[in-house]
Amino acid sequence: MSNQVKGVSYKKMDKSYFESRELKRHAGVWSLWALGVGAVISGHFSGWNLGLASGGWGGMFIATVIIAIMYIGLTQSVAEMSPALPHTGGAYSFARSAMGPWGGFFTGLVENLEFVLTPAVIVFFISSYMSGIFDTGPNSLPYWWFGFYTFFTILNIAGVELSFRLTVVVTILALLCLVVFWISSIGNIDFFTNALNIKAGASGKAELLNGGNGDFLPMGIVGALGAMPFAVWLFLAIEQLPLAAEESVDPKKDMPKGLTYGMVTLIISAFMILWLNSSIPLGAFALSQSGEPLLDGFKELFGSSIAKGLTLVAVIGLIASFHTIIFAFGRQIYSLSRAGYFPTFLSVTHSKRKTPYMALIAGSVIGFGVLMLTRFLSGAEESGVFIGGALLNMAVFSAMLSYVLQCASFLLLRIKRPDLERPYISPMGKGGAWLTIVIALVTIYFQLQDSSYRVAVFSAIAYLIVGLLYFAIQGRHRLILSPEEEFAMNQNSNG
């Protein structure tokens, strides 16, 4: 049976369709906390430090404060919506209820781009580390990519219990690595000499200031705003938690707690790493040029003679994020497929383990394919530059756009569905959502000021246009009355 609703066609599926797409509830508060923190934690190991070159230490500090405010507004908005709409769809589900099928699909497509590209970037860095440890050379990187994708996809397919247990273990190990670094750093810091050793050169670019004791804002407030895209890496991907709603034991209580506890953990870690990593003798300027800031910090503290052992430590944070974001894209693809926005075979779950194995395999194949295509088009020697620049910034752009859409959904639901049962109410209210929207748009603006970021943003926009054309021509005629869709339609009929 099919019917027409506002320009889209729905098909009512029988019981067997959903029986072959069941998930299993397992996650409690601390599993959700680990899922959120684990997804982000690699950004505390590397990536954030490049913002020091844009704004100096003070500029990066201000950028981190602003971005932290954005994520608090986002997570509190999501914490209100997720228990009210406890479906695996997450951002797509919120937007579907607030903005209809077109808004739901576009939001899901944007978030899909973020969650497929982010682990591709992370596995590139993991493999670079591993290649260095085992001296396998750059030609071996595709084998490392394939191996890590295969191993962690199988782990996620093996069962939700194993997946969440591993998530808790690797997240705690990654945090312990950071804590060891913080404790080791305390006796070796000189903030004014080391953290303030950046000055603005004649061309406006960061230069080393011998002896430190420079300006708090060497590039001014514009430099601080320019550092915002890098500060995003200290919090990026915590918003994935609602994708575990249908595998949470009690999402109405546990989801807000997991999001809130996760943000508190990440804020503490973000400011500790910004302060201490910059204040040891390595210094902020050297840190701003580093591809492995935490590893370089450990080498500064303990010497380079144990570099390979320290490299393994640094890999733990990357592995934590890689594993948890694979979980996220599996659930995100599964949800969009179950509702017919993506091909429906992608939402089939394992008959015994109840994990979305088709979605997990598809996301991993696409991520691996993107890496191989990038390597082929840009050449083996230049692929690292492209992956570390363009793909990374495509992920940031899609994340910022996703935040705008999610907070717009929050505001629209407050207006259109004031009687919706809300087990948790965001203490930041509409103001928090508006702050998130404004800060996300400002971050996109400063991405566009750099030509390399501009190319990435335009590439992401091109992908989204192709996706919308697919939905307009074909996808909107193949929708399924999934839990998210039926919930949204019932709300509309009752409104």
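Reference entry: report on the structure contained in this document. Worth saying up front: this structure is predicted, and the values here are computed from it rather than measured.

Reading the values: rules and limits
Residues numbered from 1 in each chain as written. Predicted model: local features only at pLDDT ≥ 70, side-chain atom pairs only at ≥ 80, totals over all residues. Heavy atoms only, no water. Helix = DSSP H or I, 4+ residues; strand = E, 2+ residues; numbered from the N terminus. Contact = heavy atoms within 4.5 Å. Areas by Shrake-Rupley, 256 points an atom, 1.4 Å probe, with all protein chains shown as cover. Buried < 20%, exposed > 50% of the residue type's maximum accessible area, 1.4 Å probe, protein only. Polar contact = N/O pair within 3.5 Å; in protein donor to acceptor, adjacent residues only side chain to side chain. Expected span 1.5 Å × (residues − 1). Bend = angle between axes of the 7 residues up to and from the residue. Salt bridge = Lys/Arg side-chain N within 4 Å of Asp/Glu carboxyl O. Axes fitted to C-alpha atoms, helices over the stretch in contact; angles between N-to-C directions. Parallel < 35°, antiparallel > 145°, perpendicular 65-115°, else oblique. Left-handed = near helix turned anticlockwise from the far one by under 90°.

1. Structural notes on the overall build of the chain
The secondary structure content of the chain amounts to 19 helices and five strands. In terms of overall dimensions, the chain has C-alpha extents of about 75 × 45 × 40 Å along its principal axes. Look at the contacts in the chain between residues 6 or more apart in sequence, and 80% of them connect residues 24 or more apart. Accessible area for the chain stands at about 18300 Å²; split by element, carbon and sulfur atoms hold 66% of it.

2. Focus: the environment of E239
Mapped onto the elements of the fold, E239 is located in the loop between α10 (228-231) and α11 (251-279). What makes E239 buried here is its relative accessible area of 2%. Residues E239 and V40, 199 residues apart in the sequence, show an inter-C-alpha distance of 9.7 Å. Setting aside residues no more than four positions away along its own chain, E239 makes contact with Y71, L74, E111, E114, F115, Y403 and Q406. A distance of 3.0 Å separates the side chain of E239 from the backbone nitrogen of A237, its partner in a polar contact.

3. Side note on helix α4 (residues 51-84)
A turn of α-helix holds 3.6 residues, and therefore any two residues three or four places apart point the same way. With 34 residues, α4 extends only 37 Å from end C-alpha to end C-alpha; this falls clearly short of the ideal 50 Å at 1.5 Å per step. A maximum bend of about 95° is found in α4 at W57. The buried fraction of α4 is high, at 26 of 34 residues.

4. Quick look at the pattern of salt bridges
Overall, the coordinates contain eleven salt bridges when judged by the stated rule. Put simply, E80 and R422 hold a salt bridge, and the shortest N to O gap is 3.1 Å. One end of the pair, E80, is in helix α4; the other, R422, is in the loop between α16 (383-416) and α17 (429-447), with 342 residues separating them in the sequence. Like E80, the residue R422 is buried in the burial classification. One salt-bridge network, held together by shared partners, links E80, R414 and R422.

5. Some details on the packing of helix α5 (residues 91-134) against helix α6 (residues 141-158)
Taken N-terminus to C-terminus, the directions of α5 and α6 make an angle of 120°; their axes are 9 Å apart at the nearest point. Considering the angle they form, α5 stands oblique to α6. As α5 packs across α6, the resulting crossing turns out to be right-handed. Counting all contacts with α5, which are made through P119, A120, V123, F124, I126, S127, S128, M130, S131 and F134, the residues of α6 involved are L141, W144, W145, F148 and Y149.

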